[in-house]
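This is what each chain is made of:
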Amino acid sequence: MTTSPIIVAVDKHTLNDALSLADSLDPALCRLKVGKELFTVCGPEVVKAFHARGFEVFLDLKFHDIPNTTAQAVLAAADMGVWMVNVHAAIGSEAMTLCKQRLQAHGHDTLLIAVTVLTSMTQGVLDELGVVNSLDEQVLRLAKLAKNSGLDGVVCSAQEAKSLKQQLGGEFKLVTPGIRLASDAADDQKRICTPKDALANGSDYLVIGRSITTAANPTDKLKLILSEI
């Protein structure tokens, strides 16, 4: 089990590309994230392949459905042996509580976290959706709901991490995407942060994709980031 805070987002289009990237990385230095596109293309096979290479896997499918369906999906992920799985906090407390209870009933210690507000979203998007809270208020509201439902943590922007850590405690895990080096492009993320600043703000795990995966040498880039933090 690695103690590295870095989770590499393996946003590849084929199994071969995903495995090629995994083979260029060291499971002692990072974990791997499997998202919707890769899982839709490859299914559980890619998770098994990453496990076989010694990686812990964050299955990032952001389940959002009725309580029993969501809980069964979370349980299926845990049965695959993934280290972490997530749901949308917007499914509400009943569904989140059931998900955690289902994991405990089957003896799984898989981390269960909830997505608050996607890091690609801005206040304008929330306004468009009819959310009356400010962006920061909405993130906090959903994070509190997740904690009160027994979840292990949330996905949030590193810009919100300091406030959440102060209000929700050190044991509540904060997983932050939108991590970029100062020299990297922001791409489609809006609320971004450097790795060093994210950890200083209270982030526990840093999800890093293109900064590493599009580098000429992903391992060298990973080691550079680790050296800076």
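Just above sits the structure.
Residues numbered from 1 in each chain as written. Predicted model: local features only at pLDDT ≥ 70, side-chain atom pairs only at ≥ 80, totals over all residues. Heavy atoms only, no water.

Trainee: Which residues make up the overall build of the protein chain, and what values go with them?
Mentor: Within the protein chain, the regular secondary structure consists of 11 helices and 8 strands. For 229 residues, the compact-globule estimate of 2.2 N^0.38 gives 17 Å, and the protein chain sits close to it at 17 Å. With respect to the three principal axes, the spread of C-alpha positions in the protein chain is 45 × 40 × 30 Å. By residue count, 52% of the 229 residues in the protein chain fall in the buried class. (Helix = DSSP H or I, 4+ residues; strand = E, 2+ residues; numbered from the N terminus. Rg over C-alpha atoms; globule rule 2.2 N^0.38 Å. Buried < 20%, exposed > 50% of the residue type's maximum accessible area, 1.4 Å probe, protein only.)

Trainee: An account of the environment of Val131 is requested, with residue identities and associated values reported.
Mentor: Structurally, the position occupied by Val131 is in the loop between helix H6 (123–129) and helix H7 (135–148). Apart from the residues within four sequence positions on either side, Val131 is in contact with Leu126 and Gln138. (Contact = heavy atoms within 4.5 Å.)

Trainee: Help me get a handle on the sheet that holds strand S7 (residues 173–176), residues and values and all.
Mentor: Here we have 8 strands rolled up into a closed barrel, ordered S1-S2-S3-S4-S5-S6-S7-S8, and parallel in their pairing. Strand-to-strand twist across the sheet, computed as the mean angle between neighbouring axes with direction ignored, equals 25°. (Pairing = 2+ DSSP bridges. Axes fitted to C-alpha atoms, helices over the stretch in contact; angles between N-to-C directions.)

Trainee: Quick one: what's the story with helix H3 (residues 44–52), residue by residue and with numbers?
Mentor: Listed in full, the buried residues belonging to H3 are Val46, Val47, Ala49 and Phe50. Mapping the buried residues of H3 onto a view down its axis gives an arc of 160°, with all of them on the same face. Among the exposed residues of H3, those oriented more than 90 degrees off its buried face are Lys48 and Ala52. If you follow the buried residues of H3, they end up packed against helix H1 (15–23), strand S2 (31–34), helix H2 (36–42) and strand S3 (57–63). Phi turns positive, to about 90°, at Gly54, one or two residues after H3. (Arc of directions from axis to C-beta.)

Trainee: Describe the nonpolar core, naming the residues involved and giving the relevant values.
Mentor: In globular proteins that are soluble, nonpolar side chains generally tend to be buried together. Ranked by size, the top nonpolar core spans 66 residues in total, and within it Phe50 and Val87 carry the most contacts. Sequence-distant contacts of Phe50, defined by excluding residues within four places in its chain, comprise Val10, Ala18, Leu19, Ala22, Leu32, Val34, Leu38, Phe55 and Val57. Ranked by size, the runner-up nonpolar core spans 12 residues in total, among them Ala9, Trp83, Ile113 and Tyr205. (Core = buried A, V, L, I, M, F, W, Y, C linked by side-chain atoms within 4.5 Å.)

Trainee: Break down the environment of Arg180 for me, with residues and values.
Mentor: With respect to the element layout, Arg180 can be found in the loop between S7 and helix H9 (195–201). Its relative accessible area of 5% is what places Arg180 among the buried residues. Distance from Arg180 to Pro195, taken between C-alpha atoms, is 6.8 Å for residues 15 residues apart in sequence.

Trainee: Explain unusual backbone geometry to me, and be specific about the residues and the numbers.
Mentor: Non-glycine residue Lys62 carries a positive phi angle of around 45°. For Lys62, the location among the structural elements is in strand S3.

Trainee: How would you explain the pattern of salt bridges if you had to name every residue and give the values?
Mentor: Under the counting rule described, the total for this entry stands at 6 salt bridges. Measuring nitrogen to oxygen at the nearest pair gives 2.9 Å for the salt bridge that ties Asp152 to Lys100. Remark: Lys100 occurs in helix H5 (residues 93–105) and Asp152 occurs in the loop between H7 and strand S6 (153–155); sequence separation between them is 52 residues. In this structure, Asp204 engages Lys165 in a salt bridge whose closest nitrogen and oxygen atoms are separated by 2.7 Å. Of this pair, Asp204 sits in the loop between H9 and strand S8 (205–208) while Lys165 sits in helix H8 (residues 158–168), placing them 39 residues apart in sequence. Here the salt bridges share partners, and the residues they tie into one network are Lys33, Asp60 and Lys62. (Salt bridge = Lys/Arg side-chain N within 4 Å of Asp/Glu carboxyl O.)

All quantities given are derived from atomic positions and should not be read as evidence of function.
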